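Given next are the chains, with one letter for each unit.
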Amino acid sequence: MNETSEPRSPRPGHIENDPALEDLLAFIRDSRGFDFTGYKRTSLARRIRKRMDEAGITGYVDYRDRLESNSEEFGHLFNTILINVTSFFRDAEAWSYLRGEIMPELLANCDPAEEIRVWSAGCASGEEAYSLAIVFAEALGIKECAERVKIYSTDVDEDALQHGRSGIYSGRALESLTDELRDRYFERHGSQYVFRPDLRRRVIFGRHDITRDAPISRLDLLACRNALMYLNAETQSQVIDRFHFAVREKAYLFLGKAEMLLSDSERFEMVSMRHRIFRRRAGMSAKRYQQPQVKTGVISGNDIRDVARRRHLRDLALEAAPNPMVGLDSDGTVVLINAQMRAMFGLTARDQGRPFSDLEISYRPTELRSLIEQANAEHRQVRVGAVERLTGKDEVQYLDILIQPLWESGAAPDGVMVVFTDVTTATRLQLELKRNQEELDTAYEELQSTNEELETTNEELQSGNEELETMNEEMRVRTSELGEARGFLEGVLSSIAAGIVVLGSGLAVRSWNRGAQELWGLRPDEVRGEAFFNLDFGLPTGQIHQTVQECLVSGKQVGPVRVNAVNRIGRAITCLVTCSPLDQAGDADGVVLMMEEMSRP
Ligand SMILES: C[S@@+](CC[C@H](N)C(=O)[O-])C[C@H]1O[C@@H](n2cnc3c(N)ncnc32)[C@H](O)[C@@H]1O
């Protein structure tokens, strides 16, 4: 495999730098202990702005005040920044590559007596960790997996971890599983599915910040997918240092499809570029490269001038070569510096004959001495890709460097050639492309999360609608039942010949039946709601005031009392009035008056 590595990101000077945003990030780090300063600014700023818009705040300084004064705000911000989009077997092709191509070798490398250790870092709500459990259980069998495999599942988002711990998912979340896998690994509980408990016990959830916390160690497989993409290049490379420590030699690292290892071909071998699967290299015991034997021509001695001429031509060719080159002998003494080398690095012919290690180029822009040693020791080319070289303030040149050991015969190299290639234009384009791609990836990720939010809101609206419809239906049924009851009662009241008057709270008229209308000539709509004792009709109501009060106080029926009155047609009658308490909850001061004309003897 070629050792050329990915170019590094541009220097900090190129990254947009908003002091107010930086202050806000420092404040969050110092007051809340969460450090977002290693996150890529473009997507981070976009997420913070989104939350600020939701909170109705326009400036970072005001938003900082809000964070200080409202303890819940940090939770909202945290949830907005950390995008939890995930799914079972996300990027199906990469997972089937893992199952088909990686698992057999991974398991073959494991000592049967030892635990198999797996880590899902940045696991969100656990789908990735359970997908890993399924992959191992499918390869080993459920029983052996439950005995041998331990899966650490970590994230910084406690809410997401809480969900993961529960192991409960909706049918919709399991749509990417075949029915067979779903039924083998999940128990159905109503509309929800629960991951089977024997394997669930082997998945350990915990809070872990990949940018700060000590890594889990001795791993056979580390999946860190779609989390590194939010970090800037410097933080990514610090995290990769930790991951290098975390995985055993020859163990695997599984990244997200938009993620790469930065300049790390020294330590990780690329197993599948397409599926972003890497393997930690084993020590430095790389296979020895057998340099093809160089054929040395036998100088006849006849034509010594010809040989000298050819040698001179070779020297001229090297001198005029378009790439800067420097040649060293086996002691590390400089024996050749060509024209391009002198022009680009300011060397002179006097530097020929000096120890290479005395020249600045031996350690700047990159440490070449150890790489030369490595090339000599391993008898092979060593390449370093896109090394940054500062050529002025904020002016960067990118160089590919090839270190080529030279042999004439025998085991030890006779010297080394170091060749530089200026790849600035290509690297800039590549970086631009990479940045755009990353932008696209994060924007897509955000879009997915916004889509999910929209779907949830839609679902909530729909369920709110359904509730309203149910309540409406209930109201309609109640109203019609009430109408029926009222009709029934009114029917009963009007079929009674006597005058029945119901007085409610404040002794206002609530009901006035047909008997009362016949007796006194007033219609129900004229009296309903009026204070009974203010009404002016043929019954001198003042005479039954006492009766009504007694009834109200005693809660018992009072009467009948005789009252002289004048009926509807102006005839003098004697009216018998009986007052009964209205036995109805919440209407304790109501009464029912029954009024009958006393028949004449
Ligand atoms: C887009 S999700 C990816 C989930 C899953 N790995 C996948 O690929 O489907 C990114 C996860 O990384 C987590 N994350 C972000 N920064 C982190 C950090 N510093 N340490 C650990 N997890 C982090 C987020 O909380 C989020 O759950």
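Student: Any details on the domain arrangement of the protein? Residues and values, ideally.
Tutor: What the domain assignment lists for the protein is domain 1 (12-82), domain 2 (92-280), domain 3 (324-428) and domain 4 (492-599). Relative placement of domain 3 and domain 4: their C-alpha centres are 117 Å apart.

Student: Quick one: what's the story with the layout of surface pockets, residue by residue and with numbers?
Tutor: Taken as a whole, the largest pocket encloses approximately 1,300 Å³ of empty space. Along the walls of the largest pocket sit 41 residues, with Asn84, Val85, Thr86, Gln448 and Glu452 positioned nearest its centre. Elements that contribute at least two residues to the lining of the largest pocket include exactly helix H2 (41-55), helix H4 (73-81), helix H8 (158-166) and helix H15 (424-495). The biggest single contributor to the lining of the largest pocket is H15, with 11 residues.

Student: Could you give an account of the site of the ligand, naming the residues involved and the relevant values?
Tutor: Taken together, 21 residues surround the ligand, and among them Tyr39, Thr86, Glu128, Asp155 and Asn226 come closest. In the environment of the ligand, a nitrogen atom lies 3.0 Å from a nitrogen or oxygen atom belonging to the backbone of Ile210. A distance of 2.9 Å is found between a nitrogen atom of the ligand and a backbone nitrogen or oxygen belonging to Arg225. Protein burial of the ligand: of its 600 Å² of free accessible surface, 99% is covered by the chains. Mapping the ligand onto the cavity grids shows that it belongs to the largest cavity. Of the residues that constitute the shell around the ligand, the class distribution is 8 nonpolar, 6 polar and 7 charged.

Student: Give a detailed account of helix H14 (residues 369-378), specifying residues and quantitative values.
Tutor: Among the residues of H14, Leu371, Ile372, Gln374, Ala375 and Glu378 are the ones counted as buried. Considered in projection along H14, the buried side chains sweep an arc of 160° and stay on one side of the axis. Along its buried surface, H14 packs onto strand E11 (325-329), strand E13 (382-392), strand E14 (395-406) and strand E15 (415-422). Immediately downstream of H14, the backbone of His379 shows phi near 55°, a positive value.

What counts as what
- Residues numbered from 1 in each chain as written.
- Predicted model: local features only at pLDDT ≥ 70, side-chain atom pairs only at ≥ 80, totals over all residues.
- Heavy atoms only, no water.
- Domains from an automatic or database assignment.
- 1 Å grid on protein atoms, 1.4 Å probe; cavity = no way out; pocket = protein on both sides within 12 Å on 5 of 7 lines; lining within 4 Å.
- Points joined across faces, edges and corners; volume = space filled by probe spheres on them.
- Helix = DSSP H or I, 4+ residues; strand = E, 2+ residues; numbered from the N terminus.
- Near = heavy atom within 4 Å.
- Polar contact = N/O pair within 3.5 Å; in protein donor to acceptor, adjacent residues only side chain to side chain.
- Areas by Shrake-Rupley, 256 points an atom, 1.4 Å probe, with all protein chains shown as cover.
- Sits in = over half its atoms within 2 Å of the grid points.
- Nonpolar A, V, L, I, M, F, W, Y, C, P; charged D, E, K, R; others polar.
- Buried < 20%, exposed > 50% of the residue type's maximum accessible area, 1.4 Å probe, protein only.
- Arc of directions from axis to C-beta.
- Contact = heavy atoms within 4.5 Å.

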